[in-house]
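Close look at the chain arrangement
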Amino acid sequence: MQRSVGVVVPAYRPDVGRLAEYVTAIAERLDPAVIRIELDVPRPDVVERLSSLPATVATAPYRRGKGRAITMGFEALDTDILVFADADGSTPADSLAAVARPVLDDDAELAVGSRRHPNARIARHRTFARRRLGDTFAWLARRLLDPQLFDYQCGAKAISREAWATVREHLYEPGFAWDIELVAIAGALGQRIAEIPIEWHDQPDSTVSPVGTSITLARGLLAARHRAALINENRLHGMIAAQREEHPLVDPDER
């Protein structure tokens, strides 16, 4: 029996025309049961302009952050496979379908799109500074986390509903570090992770600040390593956690 797919697209101040084209392409290529656009702080008329798309538009009056928006979107889905894609369309719909395929075929619990995989195709390159920062982060992540990937932060991932049910209570990062935390937690729980080379189209007008985001990601990487260690019952990290009061993005007792 064909497993159902739900797609979440987190968006903050998106290029509406580009987003509309991307959502339409996703609908045509993946034929998902539902697409949810998680839209933070929408500008006037944006929701109306998106209303004709084959998607549900969920809005928030404040900036939740990428991780919280995806988490809330996933929590609202009831499909067998949960997929997310960044709103700028850097991962074309064909590549997004390729990311979803290993989970649909039950070859992996989590599939991660990869711009740095040797078989990836970069159709439009980032600036040298952004490439260097990204390469440095990936190098560091490989040394701090168990999952050995070329790329941890690509904005295209898919996860099975069963795997999501186990990782959701361990996710704390509301922003861009959510990706790395998801991979770290899935690895700590022993889930099968597939890294899928994609075609990548960098968007030079991205709202992401390379330097500021890199600092946030570095902190998030250390936090992800800490939370993965807690799952593995590391005594030192258990002592550290005992001194902190933190709250996951979702209540583990819900659903």
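A brief look at the structure comes next. These numbers come from a predicted model, not from an experiment. (Residues numbered from 1 in each chain as written. Predicted model: local features only at pLDDT ≥ 70, side-chain atom pairs only at ≥ 80, totals over all residues. Heavy atoms only, no water.)

**Looking at the sheet that holds strand β4 (residues 81-85)**
Sheets are built from strands that pair by backbone hydrogen bonding, the pairs being arranged parallel or antiparallel. Reading across the sheet, the seven strands line up as β3-β2-β1-β4-β7-β5-β8 and stay open at both edges, with mixed pairing between neighbours. Edge positions in the sheet fall to β3 (56-60) and β8 (193-197), since each has one partner strand and no second. Neighbour to neighbour, the strand axes of the sheet diverge by 20° on average, direction disregarded. Summarising the sheet, strand β1 (residues 5-12) and β4 pair through four bridges and their orientation is parallel. Across the sheet, residue Val8 finds its bridge partner in β4, namely Phe84. (Pairing = 2+ DSSP bridges. Helix = DSSP H or I, 4+ residues; strand = E, 2+ residues; numbered from the N terminus. Axes fitted to C-alpha atoms, helices over the stretch in contact; angles between N-to-C directions.)

**Observations concerning the pairing of β1**
Taking burial as the measure, the eight residues of β1 include seven buried ones, the bulk of the element. Where β1 and strand β2 (residues 34-40) come together, seven bridges link them in parallel fashion. Each residue of the ladder has a partner; that of Gly6, found in β2, is Val34. Once you follow β1 into helix α1 (residues 16-30) and on to β2, the crossover reads as right-handed. (Buried < 20%, exposed > 50% of the residue type's maximum accessible area, 1.4 Å probe, protein only. Right-handed = clockwise from strand over helix to strand, strands pointing away.)

**Re the environment of Pro197**
Locating Pro197 in the fold gives a position in strand β8. For Pro197 and Ala98, which are 99 residues apart along the polypeptide, the C-alpha to C-alpha distance reads 8.5 Å. With sequence-adjacent residues up to four places away left out, Pro197 is seen in contact with Ser114, His117, Asn119 and Ala120. (Contact = heavy atoms within 4.5 Å.)

**A look at the pairing of β4**
Note on strand geometry: in a regular strand, side chains alternate between the two faces of the sheet. Of all the five residues making up β4, five are buried; the element is thus mostly covered by neighbouring parts of the structure. The two faces of β4 match: Ile81, Val83 and Ala85 on one face and Leu82 and Phe84 on the other face are all buried. Relative to strand β7 (residues 156-160), β4 is paired through five bridges, and the arrangement is antiparallel. Of the residues in β7, the one forming a bridge with Leu82 is Ile159.

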